Amino acid sequence: MSEALSGGDLQRLRQLNVVAALRVLRAEAPLTVTELAKRTGLSRASTEDVVRDLLGRGWISEVEPTAGTVGRPARRYRFRADAGRLLGVDIGGHKVLAVVTDLEGDVLHQTRIRVAADAGRRERLAAVDDCIASAFVGAGTTPGQIWATGVATTGLVDGTGKVMLSDSLPEWTGVDLVAHLHRVVRGPIRVENDCKLAALAENWRGVARYAKDVVFLLAGLRTGAGLIIDGKLHRGFANSSGEIGALPAVGWERAPEHLHSWLGAGEPVERVFLAARDGDRAALRAVRGYVRDIAIGTSALVLTLDPELVVIGGGFSRSADVLVEPLRRELDRWCLRTPEIRVSAFGDEGVALGAVRLAVEQVESTLYGDAPATAAALMF
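Residues numbered from 1 in each chain as written. Predicted model: local features only at pLDDT ≥ 70, side-chain atom pairs only at ≥ 80, totals over all residues. Heavy atoms only, no water.

As annotated in an unreviewed UniProt entry, the protein carries the name ROK family transcriptional regulator and is attributed to Kribbella yunnanensis. Entered under Sequence similarities (unreviewed entry) in the UniProt record, the comment concerning the protein runs "Belongs to the ROK (NagC/XylR) family." (UniProt positions renumbered as here; feature names shortened; annotations may be inferred.)

Right, dumping it as structure tokens:
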């Protein structure tokens, strides 16, 4: 074996050791070198080398001993979630929401900017830039601290971060979000459909975190769906899974018209739900009409996937008390088995949280995916 090849093998072994230690330290409480060696299966000498390496990179830190400890305690080490920052961005029809978190996805600061529904591409992208800049200031973060960014947007998104089709945002088809955001942030950027990321958030930290098969229903001024299959976000061959609303017969596009028919000009949609809650018969009819339309597509997804859960999220989820029972009755009509229906606790912030999860996955793939490339990819 040549000397160069031996050196390459040694480098690869060291990186594999780093990956093994990081996996354990991210998942567990602070550990001593002995405990870390036992959990990773590494020798003590190799574990000490890894700990020195990770301390030098700033990815782990030594934990202060507990007060009152007798004698000299063994040193314990933890993963530094504060070693970097993540950014999650939700670009919606009426708002932009930017969230700055630590490397575990715990929120440090978020900023929301309202955007007109008829705003064009330039105006909406300017709002995105302003929202991110404000979130950085609020979190005391600089672009150089961002390890990865996740972005949620309406429409179909390809693997490069370009919006292939969007019929709900003006001038949005063809927008290259990765190219635009690289002027604002550092590190890798991943872009995904908002419904899919809302489903991902529920499976990560929401009401579906223990479920393997889930239909997520984004209920709002626009209706969409995301699918979790076998505990993983299902994207499909061309990243267009869950787009059953594109079929006119499903009725998702016309569903909000039932609600607007009750409202006066300029009134917020929340008023019809408030009136229905108070027993207004016309408002109740409007809500039932809305539910009947969204139930058709939901039933088709339930019959196809046979999920454990249906999760209702999005802006209308705050009015779930007047939506869930009518939806359950409709699903009982059409489905062989009606799954449990749960309501998201995230409101309209779930999409941004899903974008954060996308950024966490990017960091994890860098840390754990290609071990020899780990150091080069994250050494800033």
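Caption draft 1: Broad picture of the overall build of the protein. Each helix and strand in the protein was counted, giving 12 helices and 15 strands. Its C-alpha atoms put the protein at 75 × 50 × 45 Å along the principal axes. Across the 380 residues of the protein, 51% fall into the buried class. Restricting to contacts in the protein with at least 6 residues of sequence separation, those with at least 24 account for 65%. As presented, the protein carries roughly 17,900 Å² of accessible surface, and 52% of it is formed by carbon and sulfur atoms. The averaged location of the 47 negative side-chain charges in the protein is 3 Å from the averaged location of its 46 positive side-chain charges. (Helix = DSSP H or I, 4+ residues; strand = E, 2+ residues; numbered from the N terminus. Buried < 20%, exposed > 50% of the residue type's maximum accessible area, 1.4 Å probe, protein only. Contact = heavy atoms within 4.5 Å. Areas by Shrake-Rupley, 256 points an atom, 1.4 Å probe, with all protein chains shown as cover. Lys, Arg positive; Asp, Glu negative; His and termini not counted. Charge placed at Lys NZ, Arg CZ, Asp CG, Glu CD.)

Caption draft 2: Looking closely at the environment of T298. Locating T298 in the fold gives a position in helix α9 (residues 281-305). The class for T298 is buried, based on a relative accessible area of 0%. Filtering out sequence-adjacent residues up to four positions away, T298 remains in contact with L217, W252, V310 and L331. Here I294 takes part through its backbone oxygen, which lies 2.7 Å from a polar atom of the side chain of T298. (Polar contact = N/O pair within 3.5 Å; in protein donor to acceptor, adjacent residues only side chain to side chain.)

Caption draft 3: The arrangement of the environment of L200 in detail. Relative to the helices and strands, L200 is located in helix α6 (residues 194-205). Separated by 154 residues in sequence, L200 and G354 have C-alpha atoms that sit 5.5 Å apart. When near neighbours in sequence (up to four residues on either side) are disregarded, L200 contacts I228, L233, G354, R357, L358 and E361.

Caption draft 4: Molecular detail of the sheet that holds strand β12 (residues 224-229). Taken in spatial order, the five strands make up an open sheet running β13-β12-β11-β14-β15, and their pairing is mixed. This sheet does not close on itself; its edge strands, each paired only once, are β13 (232-234) and β15 (340-343). Shown here is a sheet whose adjacent strand axes are inclined to one another by a mean of 25 degrees, direction ignored. Where strand β11 (residues 214-218) and strand β14 (residues 309-313) come together, five bridges link them in parallel fashion. The residue bridging F216 from the neighbouring strand is V311, located in β14. α6 contacts β11, β12, β13 and β14 of the sheet and is inclined by roughly 45 degrees relative to β12. (Pairing = 2+ DSSP bridges. Axes fitted to C-alpha atoms, helices over the stretch in contact; angles between N-to-C directions.)

Caption draft 5: Region of the structure containing the UniProt feature "domain: HTH marR-type" (unreviewed entry) in the protein. Mapped onto the present numbering, the UniProt feature "domain: HTH marR-type" (unreviewed entry) falls at residues 19-62. Helix makes up 70% of residues 19-62 and strand 11%, and the two end C-alpha atoms of the span are 18 Å apart.

Caption draft 6: Region of the structure containing the nonpolar core. Counting residues in each nonpolar core, the largest one holds 37 residues, and the members touching the most others are W252, L259, V272, F273, Y290 and F316. For this core, the secondary structure elements donating two or more residues are β11, β12, α7 (255-262), α8 (270-277), α9, β14 and α10 (324-334). At 10 residues, α9 tops the list of elements feeding residues into this core. (Core = buried A, V, L, I, M, F, W, Y, C linked by side-chain atoms within 4.5 Å.)

Caption draft 7: Structural view of helix α2 (residues 33-40). Along α2, the residues that are buried comprise V33, L36, A37 and T40. Viewed end-on, α2 has its buried residues packed into an arc of 100 degrees, placing them on one side of the element. α2 presents T34 and K38 as exposed residues on the side facing more than 90 degrees away from its buried surface. One or two steps after α2, the chain reaches G41, where phi turns positive at roughly 80 degrees. (Arc of directions from axis to C-beta.)

Caption draft 8: Representation of the pattern of salt bridges within the structure. Counted according to the given criterion, the structure contains 27 salt bridges. When the shortest N-O distance is used, the salt bridge between R277 and D321 registers 2.6 Å. Taken together, the residues R277 in helix α8 and D321 in the loop between β14 and α10 connect sequence positions 44 residues apart. Judged by its relative accessible area of 36%, R277 is partly exposed. The network of salt bridges with shared partners includes R26, E104, R357, E361 and E364. (Salt bridge = Lys/Arg side-chain N within 4 Å of Asp/Glu carboxyl O.)

Caption draft 9: Geometry of unusual backbone geometry. The phi dihedral of D230 is positive, around 55 degrees, even though this residue is not glycine. Within the secondary structure, D230 is located in the loop between β12 and β13. The backbone phi angle of D306 is positive, close to 55 degrees, even though this residue is not glycine. Among the structural elements, D306 can be located in the loop between α9 and β14. Since its relative accessible area comes to 46%, D306 is described here as partly exposed.

Caption draft 10: Up close: the pairing of strand β5 (residues 95-101). With seven of seven residues buried, β5 is to be regarded as a mostly interior element. By the alternation rule, side chains of β5 split into K95, L97, V99 and T101 and V96, A98 and V100, which are all buried. Hairpin connection from strand β4 (residues 85-91) to β5: three residues lie between these consecutive antiparallel strands. Summarising the sheet, β5 and strand β6 (residues 107-114) pair through seven bridges and their orientation is antiparallel. The partner of V99 across the bridge, within β6, is Q110.

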